[in-house]
Amino acid sequence: VKFIAKPESVYTYDAPDVSAAVRAQILSEALPYIQRFNGKTVVIKYGGAAMTDPKLKELVLRDLIFLQCVGIRPIFVHGGGPELNMWLTRLAITPRFKNGLRVTDDETMTVAEMVLAGGVNKQLVGMINALGGSAVGLCGKDGNLVTAEIRDPELGRVGDITAVDVRVLKTLTDQGYIPVISSIGSDKLGGSYNINADTLAGSLAGALKAEKLMLLTDIAGVMADPADPKSLFNELTEAQIDDLIADGTVSGGMVPKMRSCLEALHDGVTAVHVLDGRKPHSLLLEIFTTEGSGTMISNTAHKAL
């Protein structure tokens, strides 16, 4: 992987006063994790505050490039709900949701494709490249990556994924590129569908047999009480997730997130992580430290390092 030096960030960050020796020790302690995950595929779903806060956005993209530079093969899937809502409001189209999913009529679908596959996707690709990475922007239509069909007529052009073809992703990662994927798919006739980004990330992770699926959110992880950060579950099994959905602890928009996590595990992903995207370097904390970050969901048969 080639890394091209770029000018320093326009942002400054408050970093702790850490000596060079301590920094070297931190890097040394990361070695077993770098060795463990070298050559492994990690699918990252990017959304929430990490997309809207400029400082957090740059930190996440720098960490993404770092992952690639130490031999990990990142796949970057993004949403863009706040940006889409802004444009819908400008166009006098009222955003509507049902069971955590966006109701997508034809007019909303046209705007969603322009905003997600056009504006948001290309902005992220440009930033990654400017920071020294090498990214390629895609949506589910490219290379027949995602084929979908209508989920529920009441939801409009919201698609259920019927097939994924990840050959284009393997080609790009083999050549040292970071695929950046917007959550738009198509049916067999080329019609556009809005795909839930968490669901898309889970389906791609399963098809790639990824080592990790990592969801960046606006919460600390899965919690027994969303108002109490101390109720965070550090680790959960599939059965426990099912129980939390059944008793209502997990509800609303978290339900499709958890469903995508479980489907990814069923399809062969080793572990899924629900991370707080508001926390700087949450990706690196989870992958390269013993303490980790957020909530890990795994099969008891194969647990992540």
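A. Region of interest: the side chain of Ser-186. Note on placement: Ser-186 falls in strand 9 (residues 184-186). Judged by relative accessible area, Ser-186 falls into the buried class, the value being 11%. The contact partners of Ser-186, leaving out residues within four places of it in the chain, are Lys-141, Val-146, Thr-147, Ala-148, Gly-191 and Tyr-193.

B. Up close: the nonpolar core. Ranked by internal contacts, the top residues of the largest apolar core, which has 42 residues, are Ile-44, Tyr-46, Ile-72, Phe-76, Ile-128 and Phe-288. Among the elements that line this core, the one with the most residues is helix 6 (residues 106-130), at ten residues. Aside from chain neighbours lying at most four places away, what touches Tyr-46 is Met-51, Lys-57, Val-60, Phe-76, Val-77, His-78, Gly-79, Leu-124 and Leu-216. The next biggest cluster of nonpolar side chains, apart from the first, holds 37 residues, and it includes Ala-148, Leu-169, Ala-210 and Leu-215.

C. Summary view of the environment of Gly-118. Turning to its location among the elements, Gly-118 is positioned in helix 6. Of the residues examined, Gly-118 reaches a relative accessible area of 27% and is grouped as partly exposed. In this structure, the C-alpha to C-alpha distance between Gly-118 and Ser-182, residues 64 residues apart in sequence, is 8.8 Å.

D. Quick peek at the pairing of strand 11 (residues 212-217). The buried fraction of strand 11 amounts to six of the six residues, a majority that puts the element mostly inside the structure. As judged from the six bridges shared by strand 11 and strand 13 (residues 271-276), these two strands associate in the parallel manner. Looking across to strand 13, one finds that Thr-217 is bridged to Asp-276.

E. Quick look at the pattern of salt bridges. Under the definition given, this model contains twelve salt bridges. Among the ionic pairs, Asp-174 bridges to Arg-73, the shortest N-O distance being 2.8 Å. Pair noted here: Asp-174 is in helix 7 (residues 167-174) and Arg-73 is in strand 2 (residues 73-78), with a separation of 101 residues, a long-range link. Taking the relative accessible area as the measure of exposure, Arg-73 reaches 23% and is therefore partly exposed. Between Asp-242 and Arg-259 there is a salt bridge, and its shortest N-O distance comes to 3.9 Å. Of this pair, Asp-242 sits in helix 9 (residues 238-246) while Arg-259 sits in helix 10 (residues 254-266), and the two are 17 residues apart along the sequence. Judged by relative accessible area, which is 38%, Asp-242 ranks as partly exposed.

F. Main features of the sheet that holds strand 11. If you walk across this open sheet you meet the eight strands as 5-8-2-1-11-13-14-12, and the pairing is mixed. Since the sheet does not close on itself, it has two edges, and those belong to strand 5 (135-139) and strand 12 (235-237), each with one partner. Going across the sheet, the axis of each strand differs from the next one's by a mean of 20°, ignoring polarity. On the sheet, helix 4 (residues 54-69) packs against strand 1 (41-46), strand 2, strand 8 (178-182) and strand 11 and is oriented at approximately 150° with respect to strand 2. The sheet strands contacting helix 8 (residues 197-208) are strand 1, strand 2, strand 8 and strand 11, and the helix crosses strand 1 at an angle near 175°.

What counts and how
Residues numbered from 1 in each chain as written. Predicted model: local features only at pLDDT ≥ 70, side-chain atom pairs only at ≥ 80, totals over all residues. Heavy atoms only, no water. Helix = DSSP H or I, 4+ residues; strand = E, 2+ residues; numbered from the N terminus. Buried < 20%, exposed > 50% of the residue type's maximum accessible area, 1.4 Å probe, protein only. Contact = heavy atoms within 4.5 Å. Core = buried A, V, L, I, M, F, W, Y, C linked by side-chain atoms within 4.5 Å. Pairing = 2+ DSSP bridges. Salt bridge = Lys/Arg side-chain N within 4 Å of Asp/Glu carboxyl O. Axes fitted to C-alpha atoms, helices over the stretch in contact; angles between N-to-C directions.

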